[in-house]
Amino acid sequence: MSDSMRLEERLYLKFSKLDKNKNYVLGVSGGLDSIVMLNLFYKYEIPCIAVHVNYKTRAENSDLDARLVDTICKSYRVICEQFVVDAKSCEGNFQDWARNKRYECFESTLKKHYADYIVTAHHKDDNYETIIMKLLQGSTPEAWDGMSLHRNNIIRPLLNFTKEELRNYALDNKLEWREDESNHSSDYARNAIRNEVIPVVEEHFPGWQQNLSYISEVGRGFSFLI
């Protein structure tokens, strides 16, 4: 069996567990991860509504992201709720502010369409970054578990898949997505870890991902104790 067939099988096993009698709100930025997620919901005929949040921070590129998401949703016959948020009203850390605004949009869509779950496209690499950030911030052990596959009404079905696997899936299925050029800037802590810290760690500490997964398990054990 080829690697692409094994990946398809793993994705199918994951998404086949989602209840088709429920309705899901998908956060779709237009980037690789969320476009793959949207495609999988379409492919496996799982009811969903897409939500795109435009912060207007990247001039024409922000609008091009919104246009791509809208075009794909129309081709999939998926409802797409588009939100425009004024980034000028941000006070403090932009990424924290943007995340809060994004989830406000998810929650309002959830209520509007009487949906059941919010679904995000976080993947395994995102989780590694989160765990590293928690460790460097001096978080207590119960925070070391990182992201959860399912917590409250939020689901992350791609959390066991790497960025490389999602890119391979997108290429194999000829999906179109947009690259956010701001991801290459290390102005924000998560970007700095992704762009500068992890490449050094990969060079000097082979197997570091497995070690972080172990740390995550330790954190999960602590979380059950409190």
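Above: the structure in question.
Computed from a predicted model, the values in this text were never measured in an experiment. (Residues numbered from 1 in each chain as written. Predicted model: local features only at pLDDT ≥ 70, side-chain atom pairs only at ≥ 80, totals over all residues. Heavy atoms only, no water.)

Where do I start with the packing of aromatic side chains in this structure?
Given two aromatic rings, one states the distance between the centres and the angle between the planes to describe the pair. Per the counting criterion, the structure on display carries eleven aromatic pairs. Taking the centre distance of 4.0 Å and the plane angle of 5° together, the rings of Y42 and Y76 count as stacked. Taken together, the residues span a long stretch of sequence, with Y42 in helix α2 (residues 32-43) and Y76 in helix α3 (residues 60-76) at a distance of 34 residues. Ring plane angle 35° and centroid distance 5.7 Å describe the contact between F94 and W97, whose orientation is recorded as tilted. With F94 and W97 both in helix α4 (residues 94-112) and three residues apart, this pair spans about one turn of that helix. On the basis of relative accessible area, W97 is assigned to the buried category, the value being 11%. What links up through ring pairs into an aromatic cluster is the set Y12, F15, Y24, F41, Y44 and Y117. (Phe/Tyr/Trp six-rings, centres within 6.5 Å; stacked < 30°, edge-to-face > 60°. Helix = DSSP H or I, 4+ residues; strand = E, 2+ residues; numbered from the N terminus. Buried < 20%, exposed > 50% of the residue type's maximum accessible area, 1.4 Å probe, protein only.)

For this particular structure, what's the right way to read the environment of I155?
Residue position: I155 is located in strand β6 (residues 154-155). Through-space distance from the C-alpha of I155 to that of P199 is 29 Å; in sequence the pair is 44 residues apart. Discounting residues that sit within four places of it in the chain, I155 has contacts with L18, Y24, Y117, I118, V119, T120, L149 and H150. (Contact = heavy atoms within 4.5 Å.)

How do you make sense of the layout of surface pockets when you look at a structure like this?
Which parts of space are left empty comes out when a probe the size of a water molecule is rolled across the atoms. In this structure, the second largest pocket occupies an estimated 280 Å³ of space. Along the wall of the second largest pocket there are 16 residues; nearest its centre are N127, M147, N160, S216 and R220. Classifying every residue of the lining of the second largest pocket by side-chain character gives five nonpolar, six polar and five charged. (1 Å grid on protein atoms, 1.4 Å probe; cavity = no way out; pocket = protein on both sides within 12 Å on 5 of 7 lines; lining within 4 Å. Points joined across faces, edges and corners; volume = space filled by probe spheres on them. Nonpolar A, V, L, I, M, F, W, Y, C, P; charged D, E, K, R; others polar.)

So far we have only geometry, and geometry alone does not tell us how the molecule works.
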